[in-house]
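Each chain, letter by letter, is given below.
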Amino acid sequence: MSIVFHEKTKTFHLQNERISYVMTVLPGGQLGQLYFGKRIHDREDFGYLLEPCFRTHSCYENEENLISLEHVKLEYPVYGSGDFRRGAVQILHENGSRLSKFVYDSHEIFPGKPALEGLPATYTESDSEAETLAVNLTDPVSGIRVRLLYTLFADKGAIARSVRFSNEGEQSVQIERAMSLCLDLPDADYEWIQFSGAWGRERYPVKKKLSIGTTSVESLRGTSSHHQNPFVILKRPSADEDQGEVIGFSLVYSGNFLASAQVDTYQVTRILMGINPEWFSWKLEPGQSFQTPEAVMFWSEEGLNGMSQTCHDLYRKRLARGVWRDRVRPILINNWEATYFDLSEEKLLNIARKAKECGVEYFVMDDGWFGDRRSDRAGLGDWYPAKEIFPDGLGSLAQKVEDLGMKFGLWIEPEMVNPDSNLYRAHPDWILHIPDRARSLSRHQCVLDYSRPEVVDCIYGMLKELLSGAKISYIKWDMNRSLTECYNSSLPADRQGEVFHRHILGVYSLYERLIRDFPHILFESCAAGGARFDAGLLYYAPQAWTSDNTDAMERLKIQYGTSYGYPLVSMGSHVSAVPNHQMKRVISITTRANVAYFGTFGYELDLNTLSQDEIDQVCAYTQFMKDHRELIQFGTFYRLASPFEGNESGWMVVSKDRREAIVGYYRMLAEVNSPFTRLRLRGLDEETEYEIEGEGSFYGDELMHSGLVTSDAATGKFGFCVTEEGDFFSKVWLLRAVE
Ligand code: DGJ
């Protein structure tokens, strides 16, 4: 791994075993992009990649050198002077102009990776893990400096980027657009994949061929959202799961975002990713600075699986933090779908007792335990236990759970308040609202204004007391509505564009304080299911509730889609009751478990309602997960067949040494007289023979090339063949290398 600067040509080459990223200082001083892709040889002069062209109607700052800003590839472009595409940055100056020109000033190359103050980001644990290039550009007229950071990770097709602005001029400015990443690619022969959905159907992959014009996804909900995800992919049309060039773009941020691909009429593709410029501005006084969130680019020539594996590896080891980062995740039971708001200590302990009998490790009490929260109409904001349910306090319940030999976990929703709560009655002005305008409600609740430090301090105080007063080992941090009327009554008019971003910084700061004070607690983020499943929150909470839809077939799709940009160990996945509460479907407990294994695994029902036969199965499934969670959560994951593309779906995880693997196979609907089907496995060692219980032993090459037979045995009845397994069939196979 090395980052080289060629003084003579002012060319930067970031290069490791897999990738190269080449930039150069253009004759006008701007930073130009020359190449990003598979590693190439270094050379002093990559000038042949630059397009000096005369084209009718182009504008030139210098007609001698023929560098037209709309025809070169740029690293951090500004609209307004020759480049007519969307810029990465826009600054409003005191004289009303929005033009800046950022020219190369200096650079530094150093080992390791600096932290981003107040923001989540990937990190290194030793300097040898990465090298960072900081390029300092300056706008001589305004004195605004931008510092572009590029961190190249050793051995990985991954580059992390972010930008820091500082005002070294004499006048204040408004930053109106400050993208974290801009990448100009020399052609447009790509398919774009975005992850779209809504509540209960998050992160479905949507594929489009890029063509002239702009393709984009964004969130304006104040959260990364159920609807779009701050993770997008560009892939070559010929690339598939296993081969071909793929680039993933991931924003390490949980608020409003924009990701776009603009293809111009010369077939150049400009990727932009960062804070959504809509309703965003940031006032920068002389001497002040502003840091953008981080964006990470993942490059692979090994298809979508290769790109995801690079991303999983980095996010699992160098984005997630804390004692839970490298630990297998506890198997927990959550009472939400078992009781909803109808709580009593006895009921909860009954659920916990039965779960303990089945080997479950944590009992989590969900919504409804605090203040006047007997329904979703009241109580949010009053973070103390309801006296009528817990006369002896939470400490006593937590202790009873501990006495059962389990750990105790708790649900909170600290960013919210019900108007019917003591907190709201004491501080009606603490919510996001615009004076003299209506305050929108959603689920009967308002959003606390976390851009105000005193609000965050108050909630921190309450939570600190709560978490110190009982043995709490796990927190589910929920967030159940979008942000509206985003305005902070204590900020001046010219700082209102900062509120969305300041709000999310407030959320991050509360997380940071709590994980610092309670490092042993496992945090799981949640936002009405998966409305904030993003890389930003993985920095604070190493797992997230993937969706409120717990139906196994729906979860298969949601977890499959989520796996493109996030590791299995980050996906909260539970077995829930049938008929399923969201879909009314009845699916066997085996298939429910077979889907939930590919995540953190847990239960979301009252196990007392199951038959003895089902309880025996639950015990076996819990034990199976305990035996194999290390492999599932930390092995190499492969998508095999997509539930979005056919009736059959599959995925698998392979151990690092390729001696063990687990395959999940799922068939949505039964088919009569169906074809003879096989699933081609991935990631095995061709020469190793693997034992598969109930199936026999096969060499890796057989399993990967001729495939594992997945057809069920049909029985003949009256001369007709009838399928044995019915709808929603699934199977999990364990593969072990024959010694
Ligand atoms: C939404 C979450 O996604 C659910 O799991 C549950 O915790 C409810 N909120 C509780 O209100």
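Predicted model, so just to flag it, every value in this text is computed and none were measured. (Residues numbered from 1 in each chain as written. Predicted model: local features only at pLDDT ≥ 70, side-chain atom pairs only at ≥ 80, totals over all residues. Heavy atoms only, no water.)

1. Structural notes on the site of the ligand
Using the following cut-off: Near is defined per residue: the residue qualifies when any heavy atom it owns lies within 4 Å of the molecule or strand. Here a polar contact is taken to be a pair of N or O atoms separated by no more than 3.5 Å, where protein atoms must pair a possible hydrogen donor with a possible acceptor and residues adjacent in sequence count only if both atoms sit in side chains. Exposure was quantified through the Shrake-Rupley algorithm and a 1.4 Å probe, taking into account, for residues, occlusion by the shown protein chains and nothing else.
Surrounding the ligand, one finds 13 residues, the nearest of these being D366, D367, K476, D478 and D548. Within the side chain of D478, an N or O atom sits 2.6 Å from a nitrogen atom of the ligand. The side chain of N480 places a nitrogen or oxygen atom 3.4 Å from a nitrogen atom of the ligand. A total of 290 Å² of accessible area belongs to the ligand in isolation, and the protein chains cover 98% of it.

2. Considerations on the sheet that holds strand β21 (residues 332-334)
Within a sheet, each strand pairs with its neighbour through backbone hydrogen bonds, oriented either parallel or antiparallel. Under the convention used in this document: Paired strands, as defined in this entry, are two strands with at least two bridges between them according to DSSP. Put simply, DSSP marks the helices as runs of H or I at least four residues long and the strands as runs of E at least two long, and each gets a number from the N terminus on.
Spatially, the 9 strands line up as an open sheet ordered β29-β28-β27-β26-β23-β22-β21-β31-β30, and their pairing is parallel. Since the sheet does not close on itself, it has two edges, and those belong to β29 (571-572) and β30 (574-576), each with one partner. Direction of pairing for strand β23 (residues 407-412) relative to strand β26 (residues 474-477): parallel, over a ladder of 4 bridges. Each bridged residue has a counterpart across the sheet, and for W411 the counterpart in β26 is K476.

3. Here we look at the layout of surface pockets
Here is the rule: Here a cavity denotes a set of grid points, spaced 1 Å apart and computed over the protein atoms alone, in which a 1.4 Å probe fits but from which it cannot get out, and a pocket denotes an open set meeting protein on both sides within 12 Å along at least five of seven lines; residues with an atom within 4 Å of a point are reported as lining. Grid points are joined across faces, edges and corners, and a volume is the space filled by probe spheres set on the points.
Space inside the largest pocket adds up to approximately 570 Å³. In this structure, the largest pocket is lined by 26 residues; those nearest its centre are R18, E302, G306, Q309 and T310. Elements supplying a minimum of two residues to the lining of the largest pocket: β20 (294-300), α1 (303-318) and β32 (636-641). Here the lining of the largest pocket gets 7 residues from one element, more than from any other, and that element is α1.

4. Side note on the pattern of salt bridges
Our working rule: By convention in these notes, a salt bridge is any Lys or Arg side-chain nitrogen within 4 Å of a carboxyl oxygen on Asp or Glu. Classification of residues uses two cut-offs on accessible area relative to the type maximum, computed with a 1.4 Å probe and protein chains only: under 20% is buried, over 50% is exposed, and between them is partly exposed.
One pass over the structure, following the stated rule, counts 58 salt bridges. Ionic pairing is found between R318 and E125, a salt bridge with its closest N-O pair at 3.5 Å. Remark: E125 occurs in the loop between β6 (103-111) and β7 (130-139) and R318 occurs in helix α1; sequence separation between them is 193 residues. For E125, a relative accessible area of 52% translates into the label exposed.

5. Regarding the sheet that holds strand β2 (residues 11-15)
For clarity, the threshold we go by: Axis definition: a line fit to C-alpha positions, over the contact stretch in the case of helices; interaxial angles, taken between N-to-C directions, run 0 to 180 degrees.
In space, the 4 strands of this open sheet follow the order β1-β2-β3-β4, with antiparallel pairing throughout. Each edge of the open sheet carries a strand with a single partner, namely β1 (2-6) and β4 (31-38). Adjacent strand axes in the sheet meet at a mean angle of 10° when their direction is disregarded. Where β1 lies against β2, 5 bridges are found, and the strand directions are antiparallel. Considered in β2, the bridge of I3 is made with L14.

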